[in-house]
Amino acid sequence: SQQGEEDPQALSIQEGENATMNCSYKTSINNLQWYRQNSGRGLVHLILIRSNEREKHSGRLRVTLDTSKKSSSLLITASRAADTASYFCARRTGGTSYGKLTFGQGTILTVHP
Amino acid sequence: GAGVSQSPSNKVTEKGKDVELRCDPISGHTALYWYRQSLGQGLEFLIYFQGNSAPDKSGLPSDRFSAERTGGSVSTLTIQRTQQEDSAVYLCASSLAGLAPNEQFFGPGTRLTVL
C-alpha cells in the first residue's frame, strides 16, 4: 500500500513516560505531517516537517525524518493522560500542484494516569 | 466560526437513499479536501477543490459519489443510492492554499450509517 506503515498499532504507557511512534512510507515526499485524533472524529495538526529537515520540536513533541530510510518518528515526552488519542502521520506527495495528504493507519496511544 | 464546520454530525439512512454532507471551510481558505475514515481502512482521500474546481477526484470510490463547491466556500458531498459499505466518518479539511507546505484544518466529521 502506498500509505506505508505505522508502528506500533497500539501503545500503552504510564503518565510521565515517553511515547515513540514510527511511520514508514514508500514514495518520495514533499513534507510529512503528524495529526492527533480524539474519539474518532476531527484531526488536529501537530507538526509539519519538510523533506529537507531532519528534526523538529514543538513543546513536548519531537519529530525526526530520515528520507534515506523513508521513515519518521514522533516522540512525546513526559506524557499525560490527555495525550491519549490516535496519532497519524500524513505524507504530502506529488508535485507543487496541491497538498493531498496520504495517511498511515495510525497508532492508538493510551496514557494511564 | 473560527474552524471548519460540518453538518450533519450524524446521519443514519436506509440503503438506496441519497445523502448530502455539508462542509463550511475556514473563511479565506481556497483549498478544500474530503476524506473518508472507515473501520480498518484508515483515512482515505476522496476529492480536492481549489476554489470551485476539483482538479483531483481520484479518490471518489464510485460514480455514486459527487461533490461540488460554490462561491469558493461551502462544499457538498453527495452519495447517491447509498450502500452499507458507505458507512464511515466523512471528514472535510481546508487550507489556505493548495501549495505546499500546508497545514490542513479538519472539521469534526459526519458519521454516516447506512442501514
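For clarity, every value in this text was computed on a predicted model and none was experimentally measured. (Residues numbered from 1 in each chain as written. Chains lettered and ligands numbered in written order. Predicted model: local features only at pLDDT ≥ 70, side-chain atom pairs only at ≥ 80, totals over all residues. Heavy atoms only, no water.)

**Observations regarding the overall build of chain B**
Secondary structure summary: chain B contains 0 helices and 11 strands in total. Seen in sequence order, chain B has helices and strands lined up from the N terminus as β-β-β-β-β-β-β-β-β-β-β. Over its C-alpha trace chain B gives a radius of gyration of 13 Å, about what one expects of a compact globule, namely 13 Å for 115 residues. A principal-axis box enclosing the C-alpha atoms of chain B has dimensions of 40 × 30 × 30 Å. (Helix = DSSP H or I, 4+ residues; strand = E, 2+ residues; numbered from the N terminus. Rg over C-alpha atoms; globule rule 2.2 N^0.38 Å.)

**Regarding the sheet that holds strand S7 (residues 65-69) of chain B**
Residues and elements named next belong to chain B. Reading across from one edge, S1-S3-S8-S7 is the order of the 4 strands in this open sheet, with antiparallel pairing throughout. Edge strands, defined here as strands with exactly one partner in the open sheet, are strand S1 (5-7) and S7. Between one strand and the next, the sheet's axes are offset by a mean angle of 15 degrees, whatever the strand orientation. Taken together, the 5 bridges between strand S3 (residues 19-24) and strand S8 (residues 75-79) define a ladder with antiparallel strand orientation. Counted as the bridge partner of Glu20 is Thr78 from S8. (Pairing = 2+ DSSP bridges. Axes fitted to C-alpha atoms, helices over the stretch in contact; angles between N-to-C directions.)

**What to know about the packing of aromatic side chains**
This structure, assessed with the given rule, holds 9 aromatic pairs over all chains. Aromatic pair Tyr35(A) and Phe103(A): ring centres 5.7 Å apart, planes at 55 degrees, arrangement tilted. One end of the pair, Tyr35(A), is in strand S4 (residues 31-37); the other, Phe103(A), is in strand S10 (residues 101-103), with 68 residues separating them in the sequence. Accessibility expressed as a relative area gives 0% for Tyr35(A), which makes it buried. Taken together through their ring pairs, the aromatic side chains of Tyr35(A), Phe88(A), Phe103(A), Tyr33(B), Tyr35(B), Phe45(B), Tyr48(B) and Phe106(B) make up a single cluster. (Phe/Tyr/Trp six-rings, centres within 6.5 Å; stacked < 30°, edge-to-face > 60°. Buried < 20%, exposed > 50% of the residue type's maximum accessible area, 1.4 Å probe, protein only.)

**Here we look at the pattern of salt bridges**
Any two side chains of opposite charge can pair, given that their charged atoms come close. Residues and elements named next belong to chain A. According to the stated counting rule, one finds 6 salt bridges over all chains in the structure shown. With a closest N to O distance of 3.2 Å, Arg62 and Glu55 form a salt bridge. Taking the relative accessible area as the measure of exposure, Arg62 reaches 32% and is therefore partly exposed. Residue class for Glu55 comes out partly exposed when judged on its relative accessible area of 40%. (Salt bridge = Lys/Arg side-chain N within 4 Å of Asp/Glu carboxyl O.)

**Looking at unusual backbone geometry**
What is expected of a backbone is that most residues other than glycine have negative phi and most peptide bonds are trans. Cis geometry is found at the peptide bond from Asp7(A) to Pro8(A), where omega equals -5 degrees. As for its position among the elements, Pro8(A) is in the loop between strand S1 (5-7) and strand S2 (10-14). Here the amide bond leading from Ser7(B) into Pro8(B) is cis, since omega sits at -10 degrees, within 30 degrees of zero. Structurally, Pro8(B) can be placed in the loop between S1 and strand S2 (10-13). A positive phi is found at Lys70(A), a non-glycine position, where the angle reads about 50 degrees. With respect to the secondary-structure elements, Lys70(A) resides in the loop between strand S7 (61-66) and strand S8 (71-76). In this structure, Ala78(A) takes a positive phi of about 45 degrees despite not being glycine. Looking at the element boundaries, Ala78(A) is found in the loop between S8 and strand S9 (85-92).

**A word on the sheet that holds strand S6 (residues 55-58) of chain A**
Residue and element names in this part refer to chain A. The 5 strands are arranged S1-S3-S8-S7-S6 in an open sheet whose pairing can be described as antiparallel. Edge positions in the open sheet fall to S1 and S6, since each of these has one partner strand only. When the angles between neighbouring strand axes are averaged without regard to direction, this sheet yields 15 degrees. Relative to S7, S6 is paired through 4 bridges, and the arrangement is antiparallel. Paired with Ser58 across the two strands is Leu61, which belongs to S7.

**A look at the pairing of S7(B)**
The pairing of S7(B) with S8(B) spans 5 bridges and is classified as antiparallel. Each residue of the ladder has a partner; that of Phe65(B), found in S8(B), is Ile79(B).

**Digging into the state of the cysteines**
Where two cysteines share a covalent bond between their sulfur atoms, that bond is called a disulfide. Counting across every chain of the model gives 2 disulfides over all chains. Across the disulfide from Cys23(A) sits Cys89(A); the S-S distance is 2.0 Å. Here Cys23(A) and Cys89(A) share a disulfide; its torsion about the S-S bond, 65 degrees, makes the bridge right-handed. Note that Cys23(A) is positioned in strand S3 (residues 19-24) and Cys89(A) in strand S9, a separation of 66 residues in sequence. By the burial criterion, Cys23(A) is buried, and Cys89(A) matches it. Shown here is the disulfide that connects Cys23(B) with Cys92(B), its sulfur atoms set 1.8 Å apart. The chirality of the disulfide connecting Cys23(B) with Cys92(B) is left-handed, given an S-S dihedral of about -65 degrees. You can see Cys23(B) sitting in strand S3 and its partner Cys92(B) sitting in strand S9 (residues 88-95), a full 69 residues away along the chain. The burial state of Cys23(B) is the same as that of Cys92(B); both residues are buried. (Disulfide = S-S within 2.5 Å.)

Keep in mind these values describe shape, not function.
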